[in-house]
Amino acid sequence: MTTTGSLLEVSDIRASFGGVRALDGASFSVEAGTITGLIGPNGAGKTTIFNCISGLVDGFSGAVRFDGADIARARPEVVSRSGLVRSFQLARGCPLMTVFEHLMLYGPRQVGEGVFRALASPGAVRRQEEELRERSYAIAERLRLDHVLDNLVTALSGGQKKLLEIGRVLLAEPKMVLLDEPMAGVNPTLVGEIAEQLAAIGESGVTILLIEHEMELIERLCDDVIVMAEGKFLTRGAFDEVTGDRRVQECYLGVQLQ
Amino acid sequence: MISYLVFAGTIAGFYALLSLGLVTAWGQGGLVNLGLVGFVGLGAYTSALLSGAGFPIWIDWIAAAVVSAAVGVALCFVVRNLRGDYLAIVTLGFAEILRLAETNEKWLTKGSDGISGIVAPLKSDLGESFPFFYLIMTWTLVGIVAFLLGCLLRSPFGRALRAVRDDEQIAAVAGKSVLRLKLQAFGIGAALSGLAGALYAHFTSYIAPDVFIVQLTIYIFLAVTVGGQTRLAGAVVGSIALVALLEASRFIAAAIPGLDAVQIASLREFAIALTLILVMQLRPEGAFRMTNERSGLSASRAASESCYGKRAIVDDAT
């Protein structure tokens, strides 16, 4: 399983919730600098494996290695700080915070987050805030969120929330991002735009692992596609390869093809 | 009458300190601390005992804040996985435990007799003007605390804390140490409670376990709710309003004929309950609304950004 270029490696992940086996020995790896799609029918365990990798769920067995370090069952903030940042399928947010504050929140290594430093070194905090603000504006502009920076997150449209999900993940300066259905619930006119954004992020050197049901997007963006079914790794390969695979078709349709 | 107002004003100052602590822990951090009064008692006893042992008053006060903060952080760590109602119940119980310990550990606290003759700073030197001095000192302290908390809550710390309050998972995925932020917010609230308790002890020169009962916690929750849960200004205004209400009910009750002393006292609690219900019904957000919460620097910038396009950034760069 181990390949030299792999940035993320999960092996033999098993997790059950209330007697339901959500993951049943899932293993795969993601090469650095690629955009990899993670597909599979509903209930295949895609989001669950994201939860395990990102530390939001710790009741699982198996190994997770990221960038050479063991991050299995690490706390979510530790995973995030190691450069692996995720987005959420249902765009979430702190309802009382503005878009701008949301972006600023994701800035990494903020000195002003300690009580003492926040009060004792206002200069350093201010400099970092300025820098972070510039980056927030730049990312907001890139994602065309700059005109809604002052709005509360609750006032955004579904598509804008998704863009904000992507934006704040980028603010964390990640090595790799886990995107959970960035297109779900997005207005079709925005789909092309988000796709372009993702392609640009990939080109900037950030590794992407992407859960998506929008096959067109997977085909257009992904170098490599991993298919999961029933909590296990099923197959992987180029888009045409895996979609042509009879087992993949069967698991999506839920029937034996004649 | 003047001395009565000065007394009430000083008490309002103590309440303001407590409310500022509650705004930080509860309003901004989402940590329901129904054990507030426990930390007030802890601070009061710490300071009174140290002062009795001959330590100078300023050391007693700092020690009161530090001991309360340490116990607060320890409690918060133990109950780190509890939220909302569950946290409320545990903290409520914790305050009761402290009160019972104060009552029963007679070797240390003199039990329900309480500790009397607690030294007040400069009282012999100042004579008649002592209450004025204490009033001004208390409110100066309120001002300093409010200013520092204002800086803190507008800093990245405040931003991260609010994220923890609204959605812990978002905060964690953003790389924030959720537990550390909670401990800090709870600790700040506990420290201010301890400090207020110490100030109270040296002001009245007498403390006993039955001073630190749950009513006080409810009062402070009322003050913060009236002012606006998340707002420091609300905490101060709410505390003044609370004392005004408590004191007014004294006069109003006395004006109603046919009430005995016990009934007058209950009428006061009735007024508090009624106010809380009315505020929740008519203006649940409090006097100071919850506004868009922004961290310091960004606030004006983000606002001017939307009004004047990109100019704000350009100005800044030059």
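What you see is a predicted model, and the numbers here were worked out from it, not measured in a lab.

Conventions we followed
Residues numbered from 1 in each chain as written. Chains lettered and ligands numbered in written order. Predicted model: local features only at pLDDT ≥ 70, side-chain atom pairs only at ≥ 80, totals over all residues. Heavy atoms only, no water. Helix = DSSP H or I, 4+ residues; strand = E, 2+ residues; numbered from the N terminus. Rg over C-alpha atoms; globule rule 2.2 N^0.38 Å. Buried < 20%, exposed > 50% of the residue type's maximum accessible area, 1.4 Å probe, protein only. Contact = heavy atoms within 4.5 Å. Areas by Shrake-Rupley, 256 points an atom, 1.4 Å probe, with all protein chains shown as cover. Lys, Arg positive; Asp, Glu negative; His and termini not counted. Charge placed at Lys NZ, Arg CZ, Asp CG, Glu CD. Pairing = 2+ DSSP bridges. Phe/Tyr/Trp six-rings, centres within 6.5 Å; stacked < 30°, edge-to-face > 60°. Lys NZ or Arg CZ within 6 Å of the ring centre and 35° of its normal. Patch = residues over 30% accessible without salt bridge, like charges linked within 9 Å, V, L, I, M, F, W, Y side chains within 5 Å. Salt bridge = Lys/Arg side-chain N within 4 Å of Asp/Glu carboxyl O. Buried area = accessible area lost by both parts, 1.4 Å probe. Polar contact = N/O pair within 3.5 Å; in protein donor to acceptor, adjacent residues only side chain to side chain. Nonpolar A, V, L, I, M, F, W, Y, C, P; charged D, E, K, R; others polar. Axes fitted to C-alpha atoms, helices over the stretch in contact; angles between N-to-C directions. Parallel < 35°, antiparallel > 145°, perpendicular 65-115°, else oblique. pLDDT = per-residue confidence, 0-100. Core = buried A, V, L, I, M, F, W, Y, C linked by side-chain atoms within 4.5 Å.

Peer 1: So, the overall build of chain B: which residues are in play, and what are the values?
Peer 2: On a plain count of helices and strands, chain B comes out with 15 helices and two strands. In terms of overall size, chain B behaves like a compact globule, its C-alpha atoms giving a radius of gyration of 21 Å where 318 residues would be expected to give roughly 20 Å. C-alpha atoms of chain B, sized along the principal axes, occupy 65 × 45 × 45 Å. With 318 residues in all, chain B has 51% of them scored as buried. Intrachain contacts of chain B at a sequence separation of at least 6 include 79% that bridge at least 24 residues. Total accessible area computed for chain B in this model is approximately 14000 Å², and 69% of it derives from carbon and sulfur atoms. On chain B, the mean spot of the 22 positive side-chain charges and the mean spot of the 20 negative ones are 9 Å from each other.

Peer 1: Lay out the pairing of strand S4 (residues 61-66) of chain A in plain terms, naming residues and giving numbers.
Peer 2: The pairing of strand S1 (residues 6-17) of chain A with S4 of chain A spans five bridges and is antiparallel. From the neighbouring strand, Arg-14 of chain A faces S4 of chain A, where its bridge partner is Ser-61 of chain A.

Peer 1: How would you explain the packing of aromatic side chains if you had to name every residue and give the values?
Peer 2: By convention here, two paired aromatic rings are described through the distance between centres and the angle between planes. All chains considered together, the criterion is met by 16 aromatic pairs over all chains. Counting every residue linked through ring pairs, the aromatic cluster contains Phe-7, Phe-14, Tyr-45, Trp-61, Phe-130, Phe-133, Tyr-134, Tyr-200, Phe-203 and Phe-212 of chain B. When the ring centre of Phe-60 of chain A is taken as origin, the NZ or CZ atom of Arg-73 of chain A, which lies over that ring, is 4.9 Å away.

Peer 1: Mind laying out a nonpolar patch on the surface, listing which residues take part and the relevant values?
Peer 2: All names here are of chain B. Taken together, the side chains of Phe-55, Trp-58, Ile-59, Ile-62 and Val-66 present a nonpolar region at the surface, about 510 Å² in accessible area. Secondary-structure assignment places Trp-58 in helix H3 (residues 57-78). The class for Trp-58 is exposed, based on a relative accessible area of 58%.

Peer 1: Any chance you could break down the interface of chain A and chain B for me, citing the residues and the numbers?
Peer 2: You'll often see interface size given as the accessible area lost when the parts meet. At the junction of the two partners, chain A supplies 40 residues and chain B supplies 41 residues. Between chain A and chain B, the buried area comes to about 3700 Å², and carbon and sulfur atoms account for 59% of it. Along the contact surface separating chain A from chain B lie four salt bridges. Linking Arg-162 of chain B and Glu-101 of chain A is a salt bridge whose minimum nitrogen-to-oxygen distance equals 3.7 Å. Applying the counting criterion to the chain A and chain B interface returns eleven residue pairs in polar contact (both at pLDDT 80 or more). Element by element, the count of residues in the side of chain A that touches chain B is highest for helix H5 (residues 122-142) of chain A, at nine residues. Broken down by class, the residue content of the side of chain A that touches chain B amounts to 19 nonpolar, seven polar and 14 charged.

Peer 1: Talk me through the pattern of salt bridges; I want residue IDs and the actual numbers.
Peer 2: Any two side chains of opposite charge can pair, so long as their charged atoms come close to each other. As enumerated under the stated definition, the model contains 24 salt bridges over all chains in all. In this structure, Asp-166 of chain B and Arg-165 of chain B form a salt bridge, with 2.9 Å as the shortest nitrogen-oxygen distance. Exposure remark for Asp-166 of chain B: the relative accessible area of 22% places this residue in the partly exposed category. Under the relative-accessibility criterion, Arg-165 of chain B is labelled buried at 19%. Across the pair Glu-247 of chain B and Arg-250 of chain B runs a salt bridge, and its minimum N-O distance is 2.9 Å. In this pair, Glu-247 of chain B and Arg-250 of chain B are both assigned in helix H12 (residues 232-255), three residues apart and thus about one turn of the helix distant. It is possible to trace a salt-bridge network through shared partners that takes in Asp-12, Arg-14, Arg-21, Asp-24 and Lys-232 of chain A.

Peer 1: Break down the sheet that holds S1 of chain A for me, with residues and values.
Peer 2: Ordered by their spatial adjacency, four strands build an open sheet running S2-S1-S4-S5 (chain A), and the pairing between neighbours is antiparallel. Every other strand in the sheet has two partners, leaving strand S2 (20-31) and strand S5 (69-70) of chain A as the edge strands with one partner each.

Peer 1: Explain the packing of helix H7 (residues 130-154) of chain B against helix H8 (residues 156-166) of chain B to me, using residue names and the numbers behind them.
Peer 2: All names here are of chain B. In contact at an axis separation of 4 Å, H7 and H8 are set at 70° when each is read in the N-to-C sense. On the basis of the axis angle, H7 is roughly perpendicular to H8. Only Pro-156, Phe-157, Gly-158, Arg-159, Leu-161 and Arg-162 of H8 make contact with H7, whose side of the interface consists of Leu-152, Leu-153 and Arg-154. Partitioning the contact of H7 with H8 into residue classes produces five nonpolar, one polar and three charged.

Peer 1: Could you give me a rundown of the confidence of the model for chain B, with the residues and numbers involved?
Peer 2: A residue-level look at chain B finds 91% of positions with pLDDT of 70 or above and a mean pLDDT of 87. Here the predicted complex carries an ipTM of 0.88, next to a pTM of 0.88.

Peer 1: Explain the sheet that holds strand S3 (residues 35-39) of chain A to me, using residue names and the numbers behind them.
Peer 2: All names here are of chain A. Taking strand neighbours across the sheet as the criterion, the six strands line up as S6-S7-S8-S3-S9-S10 in an open arrangement whose pairing is mixed. The strands lining the two open edges of the sheet, one partner per strand, are strand S6 (84-86) and strand S10 (232-237). Between one strand axis and the next, the sheet turns by 20° as a mean value, whatever way the strands run. The pairing of S6 with strand S7 (residues 176-180) spans three bridges and is classified as parallel. Bridge pairing in S7 links Arg-86 to Leu-178. This element, helix H10 (residues 246-253), spans S3, strand S9 (224-229) and S10 of the sheet and lies at about 130° to S10.

Peer 1: Account for the side chain of Arg-159 of chain B, with residues named and values stated.
Peer 2: Assignment of secondary structure puts Arg-159 of chain B in helix H8. Among the polar contacts listed, one links the side chain of Arg-159 of chain B to the side chain of Glu-129 of chain A, at a separation of 2.7 Å.

Peer 1: Outline the nonpolar core, listing residues and values.
Peer 2: In terms of nonpolar packing, the biggest core is built from 140 residues, with Tyr-106 and Leu-210 of chain A together with Tyr-15, Leu-20 and Ile-207 of chain B touching the most fellow members. At 15 residues, helix H10 (residues 178-204) of chain B tops the list of elements feeding residues into this core. Those residues within four positions of Leu-210 of chain A in sequence are excluded, and the remaining contacts are Thr-36, Gly-37, Leu-38, Leu-179, Pro-182, Leu-198, Leu-217, Ile-218, Leu-221 and Cys-222 of chain A. In this structure, Val-10, Ala-26, Ile-53 and Val-79 of chain A belong to the second largest nonpolar core, which totals 30 residues.

Peer 1: Residue-level account of the packing of helix H6 (residues 158-171) of chain A against helix H7 (residues 188-203) of chain A, with values.
Peer 2: Residues and elements named next belong to chain A. Remark: H6 packs on H7, axes separated minimally by 11 Å, with the N-to-C direction vectors making an angle of 5°. Judged by the inter-axis angle, H6 sits roughly parallel to H7. On the side of H6, the interface is formed by Gly-159, Gln-160, Lys-162, Leu-163, Ile-166 and Leu-170, while H7 contributes Leu-190, Ile-194, Leu-198 and Ile-201. Here the contact of H6 with H7 is built from residues that sort into seven nonpolar, two polar and one charged.

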